[in-house]
Amino acid sequence: MVEDLETLSACPLDRVWTAGHFGRPDTTGITLRRSYAGSLVQLSLFPGQQEKALAKLKKPGIATLPEDGTAIFGTPLSIYSLGGGRYLLESRAADLEQKLRAAIVADIGSVTDLSSARTILTLTGPDVETVLSKGVAMDFSNQSFPVGKVAQSTAHHMPLMIVRSKSDEFRLFAFSSYAQSTLHWLETASHDHGFERV
């Protein structure tokens, strides 16, 4: 069966997502949302090339890059440092990859479009730290995991990039092939807290 381009580019959760309240009926400890990026692009810089890269990145409007394990939030562009000269850039604009390819030549680094390779889930609510800690062996308190922190980890067998975007909000970047499994894990962990899908 051949699927059209619109089907192939859709969020892999669209087919299984139903809005509503689930789990414990008398409370809502966590709210789950799908998030959509116009572009999601990985920028990988070769060792010693950051200064050259920053000079080139001024043209597409990027003035600075975050420190390892941190994020710079902005509109329409957010940048997440993965460490080791690798950055994930999230933009509302669909042409981010083209702009980066025009700026970053082959001796400075590489540009990889991950727009269809990642699924983004936004989690909010008073129980979000507790729910995340059920599957990820990290301390998600504000003291240990403040706003702007970026971490790569796993929930069971599934790789995740986790970002604290607000005091009560986290964003999870899951491999799209694991998107439904990631959602199932989150919903299982959230069941006793009551959760909303919106």
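Residues numbered from 1 in each chain as written. Predicted model: local features only at pLDDT ≥ 70, side-chain atom pairs only at ≥ 80, totals over all residues. Heavy atoms only, no water.

## Description of the overall build of the protein chain
Turning to step 1, where the next piece is worked out: What the protein chain contains, in helices and strands, is 5 helices and 12 strands.
Turning to step 2, where the next piece is worked out: Radius of gyration (C-alpha) of the protein chain: 18 Å, near the 16 Å computed for a compact globule of 198 residues.
Turning to step 3, where the next piece is worked out: Per-residue burial for the protein chain yields a buried fraction of 44% across its 198 residues.
Turning to step 4, where the next piece is worked out: For the protein chain, the proportion of contacts with a sequence separation of at least 24, taken over those separated by at least 6, is 63%.
Turning to step 5, where the next piece is worked out: Carbon together with sulfur atoms contributes 51% to the accessible area of the protein chain, which is approximately 10,100 Å² in total.
Turning to step 6, where the next piece is worked out: When the 19 positive and 21 negative side-chain charges of the protein chain are each reduced to one mean point, those points stand 5 Å apart. (Helix = DSSP H or I, 4+ residues; strand = E, 2+ residues; numbered from the N terminus. Rg over C-alpha atoms; globule rule 2.2 N^0.38 Å. Buried < 20%, exposed > 50% of the residue type's maximum accessible area, 1.4 Å probe, protein only. Contact = heavy atoms within 4.5 Å. Areas by Shrake-Rupley, 256 points an atom, 1.4 Å probe, with all protein chains shown as cover. Lys, Arg positive; Asp, Glu negative; His and termini not counted. Charge placed at Lys NZ, Arg CZ, Asp CG, Glu CD.)

## Considering the nonpolar core
Turning to step 1, where the next piece is worked out: Counting 27 residues, the largest nonpolar core has L123, L132, L172, W185 and L186 as its most contacted members.
Turning to step 2, where the next piece is worked out: Taken together, the elements giving at least two residues each to this core come down to β2 (30–35), β8 (118–124), α4 (128–133), β9 (150–155), β10 (158–166), β11 (169–175) and α5 (179–190).
Turning to step 3, where the next piece is worked out: The element best represented in this core is α5, accounting for 5 residues.
Turning to step 4, where the next piece is worked out: Once residues within four sequence positions are removed from consideration, L186 is found in contact with L32, L121, L123, V131, L132 and L172.
Turning to step 5, where the next piece is worked out: With 15 residues, the next largest nonpolar core counts L43, I62, L100 and I104 among its residues. (Core = buried A, V, L, I, M, F, W, Y, C linked by side-chain atoms within 4.5 Å.)

## A look at the packing of aromatic side chains
Turning to step 1, where the next piece is worked out: One pass over the structure, following the stated rule, counts 7 aromatic pairs.
Turning to step 2, where the next piece is worked out: Relative to F195, the ring of F22 lies with its centre 5.4 Å away and its plane at 25°, an arrangement referred to as stacked. With F22 in strand β1 (residues 20–22) and F195 in strand β12 (residues 195–197), this residue pair connects regions lying 173 residues apart in the sequence.
Turning to step 3, where the next piece is worked out: The exposure class of F22 is partly exposed, given its relative accessible area of 26%.
Turning to step 4, where the next piece is worked out: Ring centres of F145 and F170 lie 5.7 Å apart, and the angle between their planes is 55°; on these two criteria the pair is classed as tilted. (Phe/Tyr/Trp six-rings, centres within 6.5 Å; stacked < 30°, edge-to-face > 60°.)

## Focus on the sheet that holds β2
What links the strands of a sheet is backbone hydrogen bonding, and the strands pair in either a parallel or an antiparallel sense.
Turning to step 1, where the next piece is worked out: An order of β1-β12-β2-β8-β11-β10-β9 is seen for the 7 strands of this open sheet, with the pairing classed as mixed. Sheet topology places β1 and β9 at the edges, where each strand pairs with a single neighbour. Put simply, the sheet's adjacent strands are angled 30° from each other on average, direction ignored.
Turning to step 2, where the next piece is worked out: Strand direction decides the pairing type here: β8 and β11, joined by 7 bridges, are antiparallel. By the bridge assignment for β11, T119 is matched with A174.
Turning to step 3, where the next piece is worked out: Its contacts with the sheet place α5 against β2, β8, β9, β10, β11 and β12, and it is angled at close to 60° to β10. (Pairing = 2+ DSSP bridges. Axes fitted to C-alpha atoms, helices over the stretch in contact; angles between N-to-C directions.)

## Some thoughts on the pattern of salt bridges
Oppositely charged side chains can pair when the atoms bearing their charge come close.
Turning to step 1, where the next piece is worked out: Counting across every chain of the model gives 7 salt bridges.
Turning to step 2, where the next piece is worked out: A salt bridge links D14 to R34; the shortest N-O distance between them is 2.7 Å. Placement of the pair is D14 in the loop between α1 (5–9) and β1 and R34 in strand β2, with a sequence separation of 20 residues.
Turning to step 3, where the next piece is worked out: Here R34 falls in the partly exposed class, since its relative accessible area comes to 26%. (Salt bridge = Lys/Arg side-chain N within 4 Å of Asp/Glu carboxyl O.)

## Here's the deal with α5
Turning to step 1, where the next piece is worked out: Taking 1.5 Å per residue, 12 residues should reach 16 Å; α5 reaches 16 Å between its end C-alpha atoms and fits that length.
Turning to step 2, where the next piece is worked out: Those residues of α5 lying buried are A179, T182, L183, W185, L186, E187, A189 and S190. (Expected span 1.5 Å × (residues − 1).)

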